[in-house]
Amino acid sequence: MKLMLVASAGGHLAQLVALESWWENNSRSWVTFRRPEVEAVLAGEEVTWCHFPTTRNLPNAFRNLLLAWPTLLRNRPDVVISAGAAVSVPFFIVARILGIKTVYIECFDRITMPTLSGRICYPLSDLFCVQWDEQLVYYPEAVNIGQLL
């Protein structure tokens, strides 16, 4: 299976890295922010650097939408997986248009209220995962996979 893992730096990326035993034997590429700590964690991995900042930054959301088209067409993943945040949205929109499966993992630290990215990606996701039962109130069709960190 060919994967594309999309996440903001920090805790979002850490949640995907925590799934290494699941993705390590698959062909994969990453989309995230170019930061020294990210370069260290993803050394040796295929990475596309997206535009930062993304949270409520419409110009960079648009730039990332334009980045998503060639990136998804070049890599042709079977599935796009994201643990957020805003960088996931343009990639999920384009993946949906291209017929690429999507999996979203809602943040572990947003127990009692949904994230903006989660609310946007929920209807765009083929599989939506949460890490707490309390999150099922906002995402009733989600699957609780338990805490990743």
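Residues numbered from 1 in each chain as written. Predicted model: local features only at pLDDT ≥ 70, side-chain atom pairs only at ≥ 80, totals over all residues. Heavy atoms only, no water.

What follows deals with the overall build of the chain. Counting its secondary structure elements, the chain contains six helices and seven strands. Taken from N to C terminus, the helices and strands of the chain fall in the order β-α-α-β-α-β-α-β-α-β-α-β-β. What you see for the chain is a C-alpha radius of gyration of 14 Å, in line with the 15 Å of a compact globule of 149 residues. C-alpha extents for the chain along the principal axes are approximately 35 × 30 × 30 Å. Per-residue burial for the chain yields a buried fraction of 48% across its 149 residues. (Helix = DSSP H or I, 4+ residues; strand = E, 2+ residues; numbered from the N terminus. Rg over C-alpha atoms; globule rule 2.2 N^0.38 Å. Buried < 20%, exposed > 50% of the residue type's maximum accessible area, 1.4 Å probe, protein only.)

Listed in full, the buried residues belonging to helix H5 (residues 88–98) are Ser-88, Val-89, Pro-90, Phe-91, Phe-92, Val-94 and Ala-95. Next to the buried residues of H5 lie strand S1 (2–6), strand S2 (27–32), helix H4 (58–75), strand S4 (79–82), strand S5 (101–105) and helix H6 (116–121). One or two positions beyond H5, positive phi appears at Gly-99, with a value near 75°. (Contact = heavy atoms within 4.5 Å.)

A cluster of nonpolar side chains, contributed by Trp-69, Leu-73, Ile-93 and Ile-97, occupies part of the molecular surface with about 340 Å² of accessible area. Elements with a contribution of two residues or more to the nonpolar patch: H4 and H5. Topologically, Leu-73 is positioned in helix H4. (Patch = residues over 30% accessible without salt bridge, like charges linked within 9 Å, V, L, I, M, F, W, Y side chains within 5 Å. Areas by Shrake-Rupley, 256 points an atom, 1.4 Å probe, with all protein chains shown as cover. Salt bridge = Lys/Arg side-chain N within 4 Å of Asp/Glu carboxyl O.)

Now for the pairing of S5. Side-chain positions along a regular strand alternate between the two faces of the sheet. Counting buried positions over the five residues of S5 gives four, a clear majority of the element. Sheet topology note: the S4/S5 ladder contains four bridges and is parallel. Bridge pairing in S5 links Ile-81 to Val-103. In this fold, S4 hands off to H5, which returns the chain to S5; that crossover is right-handed. With H6 bridging S5 and the parallel strand S6 (residues 127–130), this β-α-β connection has right-handed handedness. (Pairing = 2+ DSSP bridges. Right-handed = clockwise from strand over helix to strand, strands pointing away.)

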